[in-house]
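Working through the structure, step by step
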Amino acid sequence: MLKVIKYPNTILRKTAKPIVDFNDTLAKIATDMAEVMFADKGVGLAGPQVGIQQKIILAGNRKNHDYQAYINPKITFSSKSTEIGEEGCLSLPKIFGLVTRAKKIRVKYQDLTGKVHKEKFKGFPAIILQHEIDHLNGVLFIDRATEITQGQDILDQLKEKK
Ligand SMILES: [Zn+2]
């Protein structure tokens, strides 16, 4: 099984590369990522979090293990209205913080076959996608957090290790 890379590993800070081949290898990556995501009880996972420096993210439903893969996702619109929510990350276990995100977004992405989609998202799915797309650009929620609500001590220790 793929392993989740944890902060402060510098792999998490790199920019992911666009995906050009929509083949069985990509399908396998998505399946393997879903396995890790659900095993770790996540609702989203980005390629760089498992050492895959490619623009692939997943959003999943913990209850029925249903998931969607978004390839080369790009936010084409972010609403001015925002909301503050508590976020966590599989790469930063036991750390949570308040992050302000756009309430509504539009995302252009490809599916596993390469087909282009443009879709609107709001609420929880919009937050997951903004968080995961950040990972593709080497951005972590702690960079955006206005307040760390849990695990500040853990985060301080990890920062010292860096
Ligand atoms: Zn994350």
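Before reading further, recall that the structure is shown in the block above.
The following refers to the structure shown. (Residues numbered from 1 in each chain as written. Predicted model: local features only at pLDDT ≥ 70, side-chain atom pairs only at ≥ 80, totals over all residues. Heavy atoms only, no water.)

All right, on to unusual backbone geometry then. Here the amide bond leading from tyrosine 7 into proline 8 is cis, since omega sits at 5°, within 30 degrees of zero. Structurally, the position occupied by proline 8 is in the segment before helix 1 (24-39). For asparagine 72, which is not a glycine, the phi torsion comes out positive at approximately 50°. The topology assignment puts asparagine 72 in strand 3 (residues 66-78). (Helix = DSSP H or I, 4+ residues; strand = E, 2+ residues; numbered from the N terminus.)

At this site the zinc ion is bound by Cys89 (SG), His131 (NE2) and His135 (NE2), with donor distances of 2.0 to 2.3 Å. Counting the intervening residues between successive donors of the zinc ion yields the motif C-x41-H-x3-H. With cysteine 89 in strand 4 (residues 82-89) and histidine 131 in helix 2 (residues 123-136), the pair connects residues that are 42 residues apart, well separated along the chain. The burial state of cysteine 89 is the same as that of histidine 131; both residues are buried. (Donors = N, O, S within 2.8 Å, 3.2 Å for Na, K, Ca; no water. Buried < 20%, exposed > 50% of the residue type's maximum accessible area, 1.4 Å probe, protein only.)

For the rest of this paragraph, the subject is the pattern of salt bridges. With the rule as written, the count across this model stands at five salt bridges. Ionic contacts of the salt-bridge type, sharing partners, join the residues Glu87, Arg101, Asp134 and Arg144 into one network. (Salt bridge = Lys/Arg side-chain N within 4 Å of Asp/Glu carboxyl O.)

Tracing the sequence through the fold places isoleucine 133 in helix 2. The sequence separation of isoleucine 133 and leucine 58 amounts to 75 residues, and the corresponding C-alpha distance is 9.9 Å. Residue contacts for isoleucine 133: discarding those within four places in its chain leaves Ile57, Pro73, Ile75 and Val107. (Contact = heavy atoms within 4.5 Å.)

This part is about helix 2. Here helix 2 contains 14 residues, and its C-alpha end-to-end distance of 21 Å stays within 8% of the 20 Å for a straight helix at 1.5 Å per residue. With respect to burial, helix 2 is a largely interior element, 11 of its 14 residues being buried. Once helix 2 finishes, glycine 138 follows within two positions and takes phi at roughly 75°, a positive value. (Expected span 1.5 Å × (residues − 1).)

Further remarks concern helix 1. With 16 residues, helix 1 should reach 22 Å at 1.5 Å per residue; the first-to-last C-alpha distance of 22 Å fits that figure. Taken together, the buried positions of helix 1 are occupied by Leu26, Ile29, Ala30, Asp32, Met33, Ala34, Val36, Met37 and Phe38. The inward-facing, buried residues of helix 1 contact strand 1 (44-46), strand 2 (56-61) and strand 3. Between the side-chain oxygen of the N-cap and the backbone nitrogen of threonine 25 there are 3.2 Å, and the N-cap of helix 1 in question is asparagine 23. Immediately beyond the C-terminal end of helix 1, within one or two residues, lies lysine 41, with a positive phi of roughly 60°. (Polar contact = N/O pair within 3.5 Å; in protein donor to acceptor, adjacent residues only side chain to side chain.)

What follows deals with the sheet that holds strand 6 (residues 104-110). With respect to topology, five strands assemble into an open sheet ordered 1-2-3-6-7, the strand pairing being antiparallel. Both edges of this open sheet fall to strand 1 and strand 7 (116-122), since each of them pairs with a single strand only. Mean inter-strand twist for the sheet, computed between neighbouring axes without regard to direction, equals 40°. Examined bridge by bridge, strand 6 and strand 7 share seven bridges and lie antiparallel to one another. Bridge assignment links arginine 106 to a residue of strand 7, and that residue is lysine 120. Where helix 1 meets the sheet, it contacts strand 1, strand 2 and strand 3, and its direction lies at approximately 45° from that of strand 2. (Pairing = 2+ DSSP bridges. Axes fitted to C-alpha atoms, helices over the stretch in contact; angles between N-to-C directions.)

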